[in-house]
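# Descriptive analysis of the structure
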Amino acid sequence: GAEEVTFVDQMHGWLVAGLCYSGDCGVFATSDGGKSWSLQYRTPLSLEAPFFTDLNHGWIAANDCTWPADARPCSGSLLRTVDGGHSWTVDRMPNPVLQDLEFVNPTRGWAIGSNCSLPDNRCLTGLLATRDAGRSWQDVSPDHRAVSAVAFVDEKYGWIVACAAGSSGDIPPPCTGQQVLATTDGGNSWTRQFNLPDSPEPFHAYASFVDRQNGWILATRSGACTMGGCWGPLYHTSDGGLTWNLI
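Our subject in this report is the structure included herewith.

### Let's talk about the sheet that holds strand S6 (residues 58–63)
Taken together, four strands build an open sheet; the order of strands is S5-S6-S7-S8 and the sheet is antiparallel. Edge strands, defined here as strands with exactly one partner in the open sheet, are strand S5 (46–52) and strand S8 (89–92). Sheet twist, expressed as the mean angle between neighbouring strand axes with direction ignored, is 25 degrees.

### A few points about the pairing of S5
Within a regular beta strand, the side chains point alternately toward one face of the sheet and then the other, so they alternate between its two faces. Taken across its seven residues, S5 has seven buried, putting it largely inside the fold. Direction of pairing for S5 relative to S6: antiparallel, over a ladder of five bridges. Within the sheet, the bridge partner assigned to Glu-48 lies in S6 and is Ala-61. Taking the residues that link successive antiparallel strands as the turn, the S5-S6 hairpin has five residues.

### Some remarks on the sheet that holds strand S10 (residues 109–114)
In space, the four strands of this open sheet follow the order S9-S10-S11-S12, with antiparallel pairing throughout. The open sheet has two edge strands, strand S9 (98–103) and strand S12 (138–139), and neither has a second partner. When S10 meets strand S11 (residues 125–130), the two strands line up antiparallel, connected through six bridges. Residue Ala-111 lies in a different strand from S11, and its bridge partner there is Leu-128.

### Overview of the side chain of Asp-91
For Asp-91, the position within the fold is in strand S8. Classification of Asp-91 by relative accessible area gives buried; the value is 17%. At 2.6 Å, the side chain of Asp-91 forms a polar contact with the side chain of Arg-80.

### What about the packing of aromatic side chains?
In this structure the tally under the stated criterion is twelve aromatic pairs. Summarising the aromatic geometry, the rings of Tyr-41 and Trp-88 are spaced 6.4 Å apart at their centres and angled 45 degrees between planes, so their arrangement reads as tilted. Pair noted here: Tyr-41 is in strand S4 (residues 38–43) and Trp-88 is in the loop between strand S7 (76–81) and S8, with a separation of 47 residues, a long-range link. Relative to Trp-137, the ring of Phe-103 lies with its centre 6.1 Å away and its plane at 80 degrees, an arrangement referred to as edge-to-face. With Phe-103 in strand S9 and Trp-137 in the loop between S11 and S12, this pair connects stretches of sequence that are 34 residues apart. Overall, the relative accessible area of 11% leaves Trp-137 in the buried class.

### Topic: the nonpolar core
Counting 14 residues, the largest nonpolar core has Val-161, Val-180, Leu-196, Ile-217 and Trp-244 as the members making the most contacts within it. Among the elements of the structure, strand S13 (145–152), strand S14 (158–164), strand S15 (179–183), strand S17 (205–209) and strand S18 (215–220) are those that each provide at least two residues to this core. Residue contributions to this core peak at three residues, all from S17. Contact partners of Leu-196, with chain neighbours within four places excluded, come to Val-161, Gln-178, Val-180, Ile-217, Ala-219 and Tyr-235.

### Re the pattern of salt bridges
Going through the model one piece at a time under the given rule, you end up with three salt bridges. Here Arg-42 ties to Asp-24 by a salt bridge, and the two come within 2.9 Å at their closest N and O atoms. Separated by 18 residues along the polypeptide, Arg-42 in strand S4 and Asp-24 in strand S3 (residues 24–30) bring together distant segments of the chain. Between Asp-154 and Arg-212 there is a salt bridge, with its nearest N and O atoms 2.8 Å apart. With Asp-154 in the loop between S13 and S14 and Arg-212 in the loop between S17 and S18, this residue pair connects regions lying 58 residues apart in the sequence. Taking the relative accessible area as the measure of exposure, Asp-154 reaches 18% and is therefore buried.

Quick notes on the rules
- Residues numbered from 1 in each chain as written.
- Predicted model: local features only at pLDDT ≥ 70, side-chain atom pairs only at ≥ 80, totals over all residues.
- Heavy atoms only, no water.
- Pairing = 2+ DSSP bridges.
- Helix = DSSP H or I, 4+ residues; strand = E, 2+ residues; numbered from the N terminus.
- Axes fitted to C-alpha atoms, helices over the stretch in contact; angles between N-to-C directions.
- Buried < 20%, exposed > 50% of the residue type's maximum accessible area, 1.4 Å probe, protein only.
- Polar contact = N/O pair within 3.5 Å; in protein donor to acceptor, adjacent residues only side chain to side chain.
- Phe/Tyr/Trp six-rings, centres within 6.5 Å; stacked < 30°, edge-to-face > 60°.
- Core = buried A, V, L, I, M, F, W, Y, C linked by side-chain atoms within 4.5 Å.
- Contact = heavy atoms within 4.5 Å.
- Salt bridge = Lys/Arg side-chain N within 4 Å of Asp/Glu carboxyl O.

The structure is reproduced here in structure tokens:
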């Protein structure tokens, strides 16, 4: 089935689909708004977080983790294309697994990276940045915080959902201090904007902004767990995060 999808306009999009945690995953593209899809790339790697900045430049996070999880360490990779997905370059990552991608142009981007190689999502995660289209990454996590969501609208304005990292081990406790942090200088400094509810383990969130003013944060919350996860509540801002409203 379809895993994740991204569009750059009303007609052109890409999705990753298949038995991605069982060694059979593919990249599919559409040029008619999703009415039809064509296979561009097939791989035994597990794919997630496809992201395109335009019709040509795109990235997909990849790893060789299997499901059900076993004791074999995972390794991470990044797929890059400069021709709309007709060909892909696979780069091995220094961090075992990338979990999210956010680019604002063909060279400048951010990602959520795991600091351990266990084939699950309970490891501490941090914020990574690249200035060379994903060929190299630097850890830019603010104040040693664990980070679970990132959204940038340009090279200066961005938001993350962060939590104080655990003091020992690779597996953090449930997050009791989820916060939305914002930057106006490309991540050199961060300001707390909003406190989110305490999060269950694993700590996770989603963030999406369409411009410097309008954005959404989907958080996790203890006591809200179902078969689909521990999702909720959903917040919206129309003033760049100065105020947040529960939807």
